[in-house]
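Here's the letter readout for the chains.
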Amino acid sequence: MFPFDAWTPGPGPLYTALTTSWAALNLPNPPHWLTTWVPGESPLSTQKAVVAAIGTYLLIIFGGREIMKNRPALKLQIPFQIHNVYLTLGSGLLLALMLEEIIPMYLRHGFFFSICNGQAFTPRLVTFYMVNYYFKYVELIDTVFLVLKKKPLAFLHVFHHAATAILCYTQLEGETSVQWVVITLNLLVHVIMYYYYYATAGGAKIWWKKYLTSLQISQFVIDLFIVFFASTYLFSHRYTHNQYPNLYFPISPSTYSHMAAKTSLPTVGDCAGSEGAALFGCGLLSSYLFLFIAFYKATYKKAAAKAKQAKDKATAVAAEVVGSSKSKVVVQNKRGTVVVTEVDDRP
């Protein structure tokens, strides 16, 4: 028997344990609009609500920065560590729940089904997508801590936090089956990242910060490869099957219909989700990749180059020894004579 035959799609052991424990404690079942995406009923499920939430976030952080200008920075070590522990454990738990739903589906139906078939947008995954979406608003507190600690508000940080919440909303609204790829990779990175923040807040010296940024960049490369793959099949299938006759084109609808009927684009099937969600996801993830690469270069490459330049300069200065006295070795560089160190000339 194939070793994974027993791993059938359905509630996994972790999900079953959680729901069983919930029932054993006689806790009330959550309302359906908290476990099922219902636009207008689920929290933050409309464009107006999302715009209002992100606008409030920007108002708080930039307004807070102005308020904190003439005030001392707050340490907030314990609250900050609690915040990061919560996000580390929450991200890890959600990742495990998603994997026990996704892996059996992948093993039974294959990769293309898992990222493109409408049946891959399962009710349990929708619930997990919603939890992940609401996590994005909890993560906005990261920036509040920066403001209260009087740390710089980098464009990458603010843009990434705000835009990711919008991205999650568009994918839930657009019902894209491929979104689990982006979410699971992001959760994996966040487990490591929020642990890093927790540890460094307690004074730990972490040597692998550079590799964490490399992991984030790798995440976006994988995201883009798979998301562009899925989006290509989405558009090519729908174009070939003449599903855009009413869209505006610089050609007449009849000409478009003729072209769609005669043109054969490479496709193995449709990919679930709306065109708008696909375009927004591809565009935003592409911007993330470029921004994180720029951050990596600015933070690590330039710092390494400056350190090497300083070392080379010091070596060059030390090599230009022009004389000595009884107590000093004197060297000369382009700026003039410099005393390097004192020596003892006594025999």
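This text follows the structure it describes.
Residues numbered from 1 in each chain as written. Predicted model: local features only at pLDDT ≥ 70, side-chain atom pairs only at ≥ 80, totals over all residues. Heavy atoms only, no water.

Draft legend 1. Broad picture of the pattern of salt bridges. In the structure shown here, the tally under the stated rule is three salt bridges. Note that Glu101 and Arg124 form a salt bridge whose closest N and O atoms lie 2.8 Å from each other. Linking Glu101 in helix H4 (residues 77-109) with Arg124 in helix H6 (residues 123-138), this pair joins segments that are 23 residues apart in sequence. Classification of Arg124 by relative accessible area gives partly exposed; the value is 22%. Taking the shortest distance from any N to any O, the salt bridge between Glu139 and Lys136 comes out at 3.4 Å. Residue classification places Lys136 among the buried residues on the basis of a relative accessible area of 2%. (Salt bridge = Lys/Arg side-chain N within 4 Å of Asp/Glu carboxyl O. Helix = DSSP H or I, 4+ residues; strand = E, 2+ residues; numbered from the N terminus. Buried < 20%, exposed > 50% of the residue type's maximum accessible area, 1.4 Å probe, protein only.)

Draft legend 2. A look at the state of the cysteines. This model, assessed by the stated rule, comprises one disulfide. Here Cys116 pairs with Cys271 through a disulfide, and the sulfurs are 1.8 Å apart. In this structure, the disulfide formed by Cys116 and Cys271 twists by about -80° around the S-S bond and is classed as left-handed. Placement of Cys116 in helix H5 (residues 111-116) and of Cys271 in the loop between helix H11 (253-262) and helix H12 (275-319) is noted, with a sequence separation of 155 residues between them. The burial state of Cys116 is the same as that of Cys271; both residues are buried. (Disulfide = S-S within 2.5 Å.)

Draft legend 3. Seen up close, helix H1 (residues 13-24). For H1, which comprises twelve residues, the first-to-last C-alpha distance of 16 Å matches the rise-based estimate of 16 Å (1.5 Å per residue) to within 8%. Asn26 sits one or two positions beyond H1 and adopts a positive phi of about 55°. (Expected span 1.5 Å × (residues − 1).)

Draft legend 4. Layout of the packing of helix H7 (residues 141-148) against helix H8 (residues 155-174). Interhelical geometry of H7 versus H8 gives an angle of 150° and a closest axis separation of 10 Å. When the axes of H7 and H8 are compared, the pair comes out roughly antiparallel. Taken as a pair, H7 and H8 cross one another with a handedness that is left-handed. For the pair H7 and H8, contact is made by Asp142, Thr143 and Leu146 and by His157, Val158 and His161, respectively. (Axes fitted to C-alpha atoms, helices over the stretch in contact; angles between N-to-C directions. Parallel < 35°, antiparallel > 145°, perpendicular 65-115°, else oblique. Left-handed = near helix turned anticlockwise from the far one by under 90°. Contact = heavy atoms within 4.5 Å.)

From the geometry alone we can't say anything about function, so treat these as descriptive.
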